[in-house]
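# Secondary and tertiary structure notes
Take a look at the letters that make up each chain.
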Amino acid sequence: MSKTIKLKKGFDINLAGKAEKTVANTPISETFAIKPTDFVGIKRPKLKVKEGDNVKAGSPVLFDKMQEEVMICSPVSGEVVEVKRGAKRKILEIKILADKEVEYESFKTYSVSDLQGLTKEDAFVQMAAGGVWPNLIQRPYGVIANQADTPKAIFISTFDTHPLAADAGFTLKDKEEAFQAGIDVLKKFTDGKVYLNFNAHGEVAKVFANVAGVEHNKISGKHPAGNVGVQIHHIDPINKGDIVWTVTPYGVAQIGSLFLEGKYDASRLVAVAGSEVSSPQYHKTYRGACINKFLEGNLKNDHVRCISGNVLTGEHIEKDGYLGFYDNTLSVIPEGDQPEFLGWITPQKERLSFHRAWGLFSFLNGKDKEYVLDSNTNGEPRAFVQTGTFEEVTPMDIYPTYLIKAIMSEDFDNMEALGIYEVIEEDLALCEFIDVSKHDIQQIVREGLELMQNG
Amino acid sequence: MKFLHDLLEKQRPLFEKGGKFEKFYPLWEANETFLFKPALTTGKRGVQVKDAIDLKRMMMTVVIAMIPCLIWGIFNVGYQHHIAVGEATSFFSLDNLLFGARWVIPIILVSYIAGGAVEVTIGIIRKHPINEGFLVTGMLIPLIVPPTIPLWQVALATVFGVLIGKEIFGGTGMNILNVAMTARAFLYFAYPSQISGEVWTQLAGKTPVDGYSGATALAVAYDTSNVGGQSVVNGLNQANAALSAPFGGEFFSFQNLMIGGVPGSIGETSALMAIIGALILIATGVGSWKIILSVFAGAFAMGTIFNLAGANAYMEMPAYYHFAIGGLAFGAVFMATDPVSASQTETGKWIYGALIGAITVIIRVVNPAYPEGIMLAVLFMNVFAPLIDFYIVQANKKRRLARATV
């Protein structure tokens, strides 16, 4: 039974500098990197390569000792030029200098009809070796899926409501076959359904239009309507003991390519967006690209913050940093490290606010107004005072304040009872944005998830 | 303004760890952050942009919403004085303003200075930033005391409220009771003679006119009912006939009570001004409209129930009179809505507000010792708010549990 879900709660952050649906003619980045820190829950990362090794696209670079079969593979062919380490020799980045022409490691190819006879075990072996397994994310906890589990359902959200998010339909243009093959493979891992969720008010992109073997649902509403966690909550909620997997549309197509073409295809279109970008548009590159080429001659000013991902859940990276494994957006916003005289009380319309307290007139702008927001926190951390607002941006039957307080006091029973299994960081990111008292909500959620997972 | 910021920043090393005035860092920080929105930026991971709101702005919104009540209160203190001593005056005259300011401003100053001193001291001892919550409390306390209150009592009550009502629980955001109401309750029980009886008009040493009575409408209503023989509305209409009503009708006519030309605590006499404050709080989303509305609804429902019971004249008083007499409106708008001490779940807010309204009316009508009920009703429900929330959250947990199969 497909469902149509109308969400009333939520908040859209309408930022200036949306990527136009054109592909820029930029040279490919010289270096690419794999960052073990992108993979939540990897406990003991082990290297498969050392500096100076030559790799192909799809050669294993890294794995987690806790799940030894699952490889994280090089996105391009080239030479491992640096293994950057931090304190206690923690691996931060494995940098690969790319060849001009990408050579691929070859894996077994399947025709569409072969896929019907493929067993779950064979599929896992190919996916684990071929670098696409980390696309599967397990709920609860938001960690890389474990092949030993059988999820009760697999969820795919075809739309992203985050600010400046890349459009999945555009980035996966002409990937219909790969996407369908990916779905066919995924179906082997669950006894339940594979759900494909659409924006009720958006146009259905060609790549998703005729997908077979899935159940369609339509969701309407403001952000976080596109978050897969919110969709799960309304379609088939996660209870204690349940396991659900989620995959991004890009991940599905990548899985399909691995089986149809026998290669780890890490090419992707990345949206380079934000108010400080001169011409916001899409760039063709590979996973983990160095962002310097995207920014060359493309910045309005120098004092900017580059974010791998979106402004709500992303990571602040340097101007010569690398995009994250899961990120297909580079957001560039002004750095907000300027003090403002009496900035806490002066009336203004230019800084977006969910609230309407004295002087916050952004609600008068209408919803089409595009904002230029900087990275200033607009206030200092305080104790919780305001109540009822987190609930207004969380379209789930969950009390975020109580959940967060349960996490802060490490109250395991209450964390579970209040629904920690149903959320990961991104689902409560808006709470962090609107919080009057400026708590690091997402970090608190992650701490809670780690407590629940590891005890 | 860069000059000023540089000047402040130059002093920073003195107050930071290892500096000469390291201990006073919270004080320096409070000054700096009041002058300048700090240059803090978001962290490496997580939200990279943040909402324009902060706690200071939210608290200032409440202070702004109280300004109509404050200005009205200043005029009214002057007006009540002048008619009590038999000097002809119109409500919005300069005389009234000056006289009112003469008595009200010192109370505000004492409240802010005494409370501020406690905040700073605690901030320094416990090494936490100075809390903005006091911006509101410091203004609330002067508005809920009579204009004749001795200043040392204001200071003592403020210190008590902030220290016992808030700081011992861990500061702003952690308190169980409303701080301003705690301060008033302290005065009420420690120094009853200065906060009950005929203390509501500042006579400033002059002799009142013949037939003057300093009683509030609440006291008149209660006494009328006790004596019996006539309705409360009649009793109110006949009381204080010697004084001229600023807004037409009898001195304690409904309209005069509603608009607020009567004696009482400085800021609470005008239900109209409280409603203007309510509109500001609701429009800005800072105060919960659910609480405000449900307090009024609860009071009206309880008043109606008493009307139906009708055991004495007070019970028979029209239910809507409860909105106008006493401090119900002010309490509903500024006290019950304190987010920290109120119910925190949306459903809970309805229950919490309705019970405050109902209990206020019960205390007024049934309890012989306390003419006003809002103070005790708010404090009482502050204590019960966590219990209400407990059951609402419990219901949420049960829904989740019912879904699970394991």
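Moving on: the overall build of chain A. Along the backbone of chain A there are 13 helices and 21 strands. The C-alpha atoms of chain A give 22 Å as radius of gyration, which agrees with the globular expectation for 455 residues (23 Å, within 12%). Over its C-alpha atoms, taken along the principal directions, chain A stretches across nearly 65 × 50 × 45 Å. Looking at the 455 residues of chain A, the share that counts as buried comes to 55%. Long-range contacts, defined here as pairs at least 24 residues apart, represent 69% of the contacts in chain A between residues at least 6 apart.

Let's shift gears to the sheet that holds strand E8 (residues 78-85) of chain A. All names here are of chain A. Strands sit in the order E3-E9-E8-E5 across an open sheet of 4 strands; the sheet is antiparallel. The outermost strands of the open sheet, each flanked by one partner alone, are strand E3 (31-34) and strand E5 (54-55). Pairing of E8 with strand E9 (residues 91-98) involves 7 bridges; the strand directions are antiparallel. Looking at the pairing, Lys84 lines up with Glu93 of E9.

Residues and elements named next belong to chain A. Parsing chain A into structural domains produces domain 1 (4-9 + 107-261), domain 2 (31-105) and domain 3 (377-455). Centre-to-centre, using C-alpha coordinates, domain 1 lies 26 Å away from domain 3. Between domain 1 and domain 3, the contact holds 16 residues from the first and 15 residues from the second. Taken together, the residues of the side of domain 1 that touches domain 3 break down into 8 nonpolar, 6 polar and 2 charged.

Cis geometry is adopted by the peptide bond preceding Pro140(A), which originates at Arg139(A) and carries an omega value of -5°. Residue placement: Pro140(A) occurs in the loop between strand E10 (137-139) and strand E11 (143-144). Phi angles above zero are rare outside glycine, and Asn378(A) is one such case at about 55°. Of note, Asn378(A) is situated in the loop between strand E21 (340-341) and helix H9 (389-392). On the neighbour-count criterion, Asn378(A) (24 C-beta atoms within 10 Å) is buried. Within the chain, Asn240(B) stands out as a residue other than glycine whose phi angle is a positive 50°. Tracing the backbone shows Asn240(B) in the loop between helix H10 (232-238) and helix H11 (254-259).

With that settled, the discussion passes to helix H6 (residues 228-235) of chain A. Residues and elements named next belong to chain A. Most of H6 is tucked away: 7 of the 8 residues are buried. Of the positions making up H6, those classed as buried are Val228, Gly229, Val230, Gln231, Ile232, His233 and Ile235. For H6, the elements touching its buried residues are E10, strand E12 (153-157), strand E13 (193-199), strand E14 (215-220) and strand E15 (244-247).

A separate point is helix H4 (residues 94-126) of chain B. All names here are of chain B. Its 33 residues give H4 an end-to-end C-alpha distance of 46 Å, which sits within 8% of 48 Å, the value for a rise of 1.5 Å per residue. Remark: the principal bend of H4, roughly 35°, maps to Ala101. Taken residue by residue, H4 has Asn96, Phe99, Gly100, Val104, Ile107, Val110, Ser111, Ala114, Gly115, Glu119, Ile122 and Gly123 as its buried positions. Residues of H4 that are buried sit in contact with helix H2 (25-35), helix H3 (55-84), helix H5 (133-143) and helix H6 (151-165). Immediately downstream of H4, the backbone of Lys127 shows phi near 55°, a positive value.

Moving on: the packing of H6(B) against helix H7 (residues 179-190) of chain B. All names here are of chain B. Remark: H6 packs on H7, axes separated minimally by 8 Å, with the N-to-C direction vectors making an angle of 130°. Between H6 and H7, the angle falls in the class oblique. Remark: the crossing between H6 and H7 carries right-handed chirality. Every residue of H7 that contacts H6 at Gln153, Ala157, Thr158, Phe160, Gly161, Val162, Ile164 and Gly165 is listed here: Val179, Ala180, Thr182, Ala183, Phe186 and Leu187. Here the contact of H6 with H7 is composed, by residue class, of 9 nonpolar, 5 polar and no charged.

Residue and element names in this part refer to chain B. Examined at the domain level, chain B breaks down into domain 1 (2-35), domain 2 (71-195) and domain 3 (246-397). Using only C-alpha atoms to locate each centre, domain 2 and domain 3 end up separated by 20 Å. Taken together, the contacts link 25 residues of domain 2 with 22 residues of domain 3. If you list the elements that add at least two residues to the side of domain 2 that touches domain 3, you get H3, H5 and H7. It is H3 that provides the largest number of residues to the side of domain 2 that touches domain 3, a total of 6 residues. A per-class count over the side of domain 2 that touches domain 3 returns 18 nonpolar, 6 polar and 1 charged.

The rules behind each value
- Residues numbered from 1 in each chain as written.
- Chains lettered and ligands numbered in written order.
- Predicted model: local features only at pLDDT ≥ 70, side-chain atom pairs only at ≥ 80, totals over all residues.
- Helix = DSSP H or I, 4+ residues; strand = E, 2+ residues; numbered from the N terminus.
- Rg over C-alpha atoms; globule rule 2.2 N^0.38 Å.
- Buried ≥ 20, exposed ≤ 12 C-beta atoms within 10 Å, placed from the backbone.
- Contact = placed C-beta atoms within 7 Å.
- Pairing = 2+ DSSP bridges.
- Domains from an automatic or database assignment.
- Nonpolar A, V, L, I, M, F, W, Y, C, P; charged D, E, K, R; others polar.
- Expected span 1.5 Å × (residues − 1).
- Bend = angle between axes of the 7 residues up to and from the residue.
- Axes fitted to C-alpha atoms, helices over the stretch in contact; angles between N-to-C directions.
- Parallel < 35°, antiparallel > 145°, perpendicular 65-115°, else oblique.
- Left-handed = near helix turned anticlockwise from the far one by under 90°.

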